[in-house]
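Examining the three-dimensional arrangement
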Amino acid sequence: MIGLKRIGLLGCGTIGTEIAFAIDSGKIPAKLTHLFDFSKDTSEKLADKLKNKPQVTENVGLLAAAPVDLIVEAASQDAVRDNALAILQNRKDLMIMSVGALLDESILDIILAGCQDFKKSVYLPSGAILGLDGIRAVKDELESVTLVTTKNPRALKGAKFFETSNIDPDRIEKSTTIFDGNAQDAVKLFPANINVAALLSLAGLGSTKTKVRIVADPKTDKNIHEIIAEGKFGKFSIKVENVPSSSNPKTSRLAILSAIECLRAVCQQDIRVGT
């Protein structure tokens, strides 16, 4: 284990569990040394399943102060808002899965300042979409970006959107557009479903100029994301039909694989392909 990066895990749900298994199996060349979940029972159950037993910390503060090189957040937007700066202050790099938190400009500014002040890096995996390298490359010539996300209503259940809407996800019988607006509003109303909109915004035109349409379709068994980008460079469109995670329909399998690959690339010195 000499020379391997030491990883701390914040959040032991679907994505956190898969990352832990990938490290434990050697797929990611690192060592998972500490973990924390807001449910202690969840974190202890995950630790018990691993061959190389990490230490379960009592709170996020102890995780941030632990002797690790990088902390992976796989918990929630609130976990990012409440703890990202403390993690950077403790001289830890950070990988963020709940990217929607960064569409709050005050949070983004704090994290950017923390990276500069403490000379640490923050990593944002591509998640359940493709094409972010292209969006970044044409950013200065980009004129419009639209994301159309289609999911089964059961994958959208529990979103804040339904608290103030007269739409009942259990009563949707055909393909229905339930949201048509910008990324900033989409991320607030669907915090567990549309982190891809935040990533697209950060790579391109920003949260108010990135258009988002969310479609609930009871006949689909995929999480579908289509990106249409236009500008002086030309035009491109990308459509990804994701298989949902077997343990959580809100999470696409590609988002999990993207997180694992991002962390693997951070932990391994080799040729890096792509922009």
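Now for a look at the structure at hand. (Residues numbered from 1 in each chain as written. Predicted model: local features only at pLDDT ≥ 70, side-chain atom pairs only at ≥ 80, totals over all residues. Heavy atoms only, no water.)

Some details on the state of the cysteines
For the structure shown, the criterion picks out zero disulfides. Sulfur of cysteine 262: no disulfide; nearest cysteine sulfur belongs to cysteine 267 and is 9.3 Å away. (Disulfide = S-S within 2.5 Å.)

Things to note about empty space enclosed by the protein
Left-over empty space is what a probe sized like a water molecule reveals as it rolls over the atoms. Applying the stated criterion across every chain yields a total of one cavity of 30 Å³ or more. Within this model, the largest cavity holds a volume of roughly 40 Å³. As for the largest cavity, its lining consists of Asn152, Arg154, Ala155, Asp221, Lys222, Asn223, Pro244 and Pro249. Here the lining of the largest cavity is composed, by residue class, of three nonpolar, two polar and three charged. (1 Å grid on protein atoms, 1.4 Å probe; cavity = no way out; pocket = protein on both sides within 12 Å on 5 of 7 lines; lining within 4 Å. Points joined across faces, edges and corners; volume = space filled by probe spheres on them. Nonpolar A, V, L, I, M, F, W, Y, C, P; charged D, E, K, R; others polar.)

Side note on helix 10 (residues 253-267)
Taking 1.5 Å of rise per residue, 15 residues should cover 21 Å, and helix 10 covers 21 Å from first to last C-alpha, within 8% of that figure. Of all 15 residues making up helix 10, 11 are buried, and the element is well covered by its neighbours. Residues of helix 10 that are buried in the fold lie against strand 1 (5-10), helix 1 (14-24), strand 2 (30-36), strand 4 (70-73), strand 5 (93-96) and strand 6 (122-123). (Helix = DSSP H or I, 4+ residues; strand = E, 2+ residues; numbered from the N terminus. Expected span 1.5 Å × (residues − 1). Buried < 20%, exposed > 50% of the residue type's maximum accessible area, 1.4 Å probe, protein only. Contact = heavy atoms within 4.5 Å.)

Concerning the pattern of salt bridges
Using the criterion set out here, one finds 11 salt bridges in the structure. A salt bridge links aspartate 69 to arginine 6; the nearest nitrogen and oxygen atoms lie 3.1 Å apart. Of the two residues, aspartate 69 is situated in the loop between helix 3 (60-65) and strand 4 and arginine 6 in strand 1; the sequence distance between them amounts to 63 residues. Residue arginine 6 is classed as partly exposed on the basis of its relative accessible area, which comes to 34%. Taking the shortest distance from any N to any O, the salt bridge between aspartate 170 and lysine 157 comes out at 3.2 Å. Remark: lysine 157 occurs in the loop between helix 7 (153-156) and strand 8 (176-182) and aspartate 170 occurs in the loop between helix 7 and strand 8; sequence separation between them is 13 residues. By relative accessible area, which is 56% here, aspartate 170 ends up exposed. (Salt bridge = Lys/Arg side-chain N within 4 Å of Asp/Glu carboxyl O.)

Points about the environment of lysine 27
Positionally, lysine 27 belongs in the loop between helix 1 and strand 2. Take lysine 27: its relative accessible area is 52%, and that puts it in the exposed class. Expressed as a C-alpha distance, the spacing of lysine 27 and arginine 264, which sit 237 residues apart in the sequence, is 7.6 Å. Contact partners of lysine 27, with chain neighbours within four places excluded, come to Ala22, Ile260 and Arg264.

Topic: the sheet that holds strand 7 (residues 142-151)
The sheet built from five strands is open, its strands ordered 8-9-7-10-11 with mixed pairing. The open sheet has two edge strands, strand 8 and strand 11 (234-242), and neither has a second partner. Neighbouring strand axes in the sheet, compared pairwise and without regard to direction, differ in orientation by 10° on average. Where strand 8 meets strand 9 (residues 210-216), six bridges bridge the pair, whose relative direction is antiparallel. Bridging from a neighbouring strand, threonine 176 pairs with alanine 216 of strand 9. Set on the sheet, helix 9 (residues 195-203) makes contact with strand 7, strand 9 and strand 10 (223-231); between it and strand 7 the angle comes to about 170°. (Pairing = 2+ DSSP bridges. Axes fitted to C-alpha atoms, helices over the stretch in contact; angles between N-to-C directions.)

Focus: the packing of helix 4 (residues 77-89) against helix 5 (residues 105-118)
Running from amino to carboxyl end, helix 4 crosses helix 5 at an angle of 10°, the nearest separation of the two axes being 9 Å. In terms of orientation, helix 4 and helix 5 fall into the roughly parallel class. Taken together, the residues of helix 5 that come into contact with helix 4 (itself represented by Val80, Arg81, Ala84, Leu85, Leu88 and Gln89) are Ile107, Ile110, Ile111, Gly114, Cys115 and Phe118. The residue inventory of the contact of helix 4 with helix 5, partitioned by class, reads nine nonpolar, two polar and one charged. (Parallel < 35°, antiparallel > 145°, perpendicular 65-115°, else oblique.)

A few points about unusual backbone geometry
One non-glycine residue, arginine 91, lies in the positive phi region at around 65°. Relative to the elements of secondary structure, arginine 91 occurs in the loop between helix 4 and strand 5. Positioned with a positive phi, lysine 119 is a non-glycine residue whose angle comes to about 55°. Mapped onto the elements, lysine 119 comes out in the loop between helix 5 and strand 6. A relative accessible area of 67% places lysine 119 in the exposed class.

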